Amino acid sequence: METYELNDGTTLPKIGFGTYPLRGENGIAAMTSALEVGYRLLDSAVNYRNEYEVGEALRRSGLPRDEVQIATKVPGRDHGRGKAIASIEASLEVMGLDRLDLVLIHWPNPSQGKYVRTWEGLVEAREQGLVRSIGVSNFTEPLLQEIIDATGVIPAVNQIELHPRFPQVDMRAVHARLGIQTSSWSPLGKRDAAYDEAPVADAAKAHGVTPAQVILRWQLQIGSLPLPKSANPERQRTNLDVFGFELTDAEVEAITGLGKPDGRLFGGDPNTHEEM
Ligand SMILES: NC(=O)c1ccc[n+]([C@@H]2O[C@H](COP(=O)([O-])OP(=O)(O)OC[C@H]3O[C@@H](n4cnc5c(N)ncnc54)[C@H](OP(=O)(O)O)[C@@H]3O)[C@@H](O)[C@H]2O)c1
C-alpha cells in the first residue's frame, strides 16, 4: 500500500477503511474482511460506538499491531483539555490497545468554544505517548489557524466531507499551504454517489474499471486520503484496487467540476452543524 507522509514525519496508507456504522458481530466480520483484503487503516470514532469491534477485528486478523493503523475521534461531549485526554484513555481501554495511531477532534462545535482546549489535550496525549499522530475533522480555515496560533502545533490531518459533488477545492488549498493531509469522509458520496454522472461513467468505461474505482482514484490524484466504507468483501477489495490505472488531468478536472456549493450530503457545515 502506498503511503502519505504526514507533517510529523509519520505515514498513513493512501486509503483507509471507514467503519461507520459497522457494529456487533457483523461489524467485526466486515472489519476483519477489510483487513484480509488489505486495508491497513481503520477509521473509528467514539460516537460510532464500535471501538470494541475495531480492537477485536485487529486481534482476530492476526496481523501484528504495528502493521495496522487505528484512528478514532474525540466527540463533542469530551471537549476540554482533561476530558479529551480521558476520552482517549477510554478509547484505548475499549479497544484493548496501549496506543492509537491517530486521534482527531470529531467536530469543532464552535458554539461550545472548547476546541482550542481540546486540541491542547490532544497535544498532551501525544506527548504522553497515548497516540502517535493528532489531527482534526471538519475544521474550517479560521478554526485551523486558531488552534495552530494557540499551540504552535499543526494538525497532521483534517478529515472533511469530500466527494465529487463537494470537492473542497478551497480547503485543499488551505491544507496544502499549512502542510495538513486532507482526508475524505463519505469519499464515494454515500447515498448520492455520482456514479452515473458523465465524467465518472465515461472515465470508468475508458479505463475498464467501476465508477466507484474512478471516484477513489480521483481522490488519490487530488492528494486526499479517502475512507470508503463497505460491508461487502468484494466492494472492499475493488475499492482498494485503484493503484493500477491513472486518470488524465482532464478527467480529474471534469470530476472536480461536478462540485456544487450546496453539494454537501446533509448540510454538515462545521460552522453550524455540531455533534456531541
Ligand atoms: N469525520 C466525520 O465527521 C465523518 C462523517 C461521516 C463519515 N465519516 C467516515 O467516513 C467513512 C465513509 O463514509 P460513508 O460511509 O458516509 O460514505 P461512503 O464511504 O462514501 O459510502 C458508503 C456507502 O457506499 C456503498 N459502497 C461502498 N463501496 C461501493 C462500491 N464500490 N459500489 C457501490 N456502492 C458502494 C456502501 O454500501 P455497502 O456497505 O453495502 O458496500 C455504503 O452504503 C465512514 O465510515 C466514517 O469512517 C466521518
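An account of the accompanying structure is given in this report. (Residues numbered from 1 in each chain as written. Predicted model: local features only at pLDDT ≥ 70, side-chain atom pairs only at ≥ 80, totals over all residues. Heavy atoms only, no water.)

Description of the pattern of salt bridges
Scanning the model with the defined rule gives 16 salt bridges in all. Measuring nitrogen to oxygen at the nearest pair gives 3.2 Å for the salt bridge that ties R60 to E56. Of the two residues, R60 and E56 are both situated in helix α2 (residues 51-61); the distance of four residues between them amounts to about one turn of the helix. On the basis of relative accessible area, R60 is assigned to the partly exposed category, the value being 43%. Here E56 falls in the buried class, since its relative accessible area comes to 16%. Beyond isolated ion pairs, a larger network of salt bridges with shared partners links E25, E56, R59 and R60. (Salt bridge = Lys/Arg side-chain N within 4 Å of Asp/Glu carboxyl O. Helix = DSSP H or I, 4+ residues; strand = E, 2+ residues; numbered from the N terminus. Buried < 20%, exposed > 50% of the residue type's maximum accessible area, 1.4 Å probe, protein only.)

Some thoughts on the site of the ligand
As a matter of local geometry, the ligand sits amid 26 residues, with D43, S186, K229, S230 and R235 nearest to it. Within the contact set of the ligand, an oxygen atom lies 3.0 Å away from a side-chain nitrogen or oxygen of N138. When its residues are assigned to classes, the shell around the ligand shows 11 nonpolar, 10 polar and five charged. (Near = heavy atom within 4 Å. Polar contact = N/O pair within 3.5 Å; in protein donor to acceptor, adjacent residues only side chain to side chain. Nonpolar A, V, L, I, M, F, W, Y, C, P; charged D, E, K, R; others polar.)

Side note on the environment of R126
Within the secondary structure layout, R126 lies in helix α4 (residues 115-127). Residue R126 is classed as partly exposed on the basis of its relative accessible area, which comes to 29%. It is 18 Å that separates the C-alpha atoms of R126 and V68, two residues lying 58 residues apart in sequence. Among all residues touching R126, those that are not within four sequence positions of it are D8, V131, R132, I134 and V153. (Contact = heavy atoms within 4.5 Å.)

Side note on a positive patch on the surface
Taken together, the side chains of K190, R191, K229 and R235 define a basic patch exposed on the protein surface. Secondary-structure assignment places R191 in the loop between β9 (181-185) and α7 (198-207). (Patch = residues over 30% accessible without salt bridge, like charges linked within 9 Å, V, L, I, M, F, W, Y side chains within 5 Å. Areas by Shrake-Rupley, 256 points an atom, 1.4 Å probe, with all protein chains shown as cover. Lys, Arg positive; Asp, Glu negative; His and termini not counted. Charge placed at Lys NZ, Arg CZ, Asp CG, Glu CD.)

A few points about the packing of helix α3 (residues 81-95) against α4
For the pair α3 and α4, the least separation of the axes is 7 Å and the interaxial angle reads 45°. With respect to each other, α3 and α4 are oriented oblique. Crossing hand, α3 versus α4: right-handed. In this structure, α3 contributes R81, A84, I85 and I88 to the contact, and α4 contributes R117, T118, E120, G121, L122, E124 and A125. Taken together, the residues of the contact of α3 with α4 sort by class into five nonpolar, two polar and four charged. (Axes fitted to C-alpha atoms, helices over the stretch in contact; angles between N-to-C directions. Parallel < 35°, antiparallel > 145°, perpendicular 65-115°, else oblique. Left-handed = near helix turned anticlockwise from the far one by under 90°.)

As for the packing of α7 against helix α10 (residues 249-256)
Running from N to C, α7 and α10 cross one another at 150°; their axes reach a closest spacing of 9 Å. Taken as axis vectors, α7 and α10 run roughly antiparallel relative to one another. Residue-level inspection shows P199, V200, A203, A206 and H207 of α7 in contact with α10, the latter providing E251, A254 and I255. Its residues assigned to classes, the contact of α7 with α10 shows six nonpolar, one polar and one charged.

Examining helix α8 (residues 211-221)
Every α-helix carries 3.6 residues per turn, so stepping three or four residues along brings you back to the same face. Among the 11 residues in α8, nine count as buried, and that is most of the element. Within α8 the residues assigned to the buried category are A212, Q213, V214, I215, L216, R217, W218, Q219 and L220. Buried residues along α8 sit in contact with β1 (3-5), β9, α7, β10 (225-226), α9 (233-240) and α10. Where α8 terminates, the next one or two residues include G223, which has phi positive at roughly 85°.

Concerning the nonpolar core
I70, I88, W119 and L122 are the most contacted members of the largest nonpolar core, which has 78 residues in total. In this structure L122 touches V74, A84, I88, V103, L104, I105, I134 and G135, once residues within four positions along its chain are discounted. (Core = buried A, V, L, I, M, F, W, Y, C linked by side-chain atoms within 4.5 Å.)

Here we look at helix α5 (residues 141-151)
Along α5, the residues that are buried comprise L143, L144, I147 and I148. The arc that holds the buried residues of α5, viewed along the axis, is 130°, so those residues lie on one side. Opposite the buried face of α5, at more than 90 degrees from it, the exposed residues are P142 and D149. Two residues or fewer after α5 comes G152, characterised by a positive phi angle close to 75°. (Arc of directions from axis to C-beta.)

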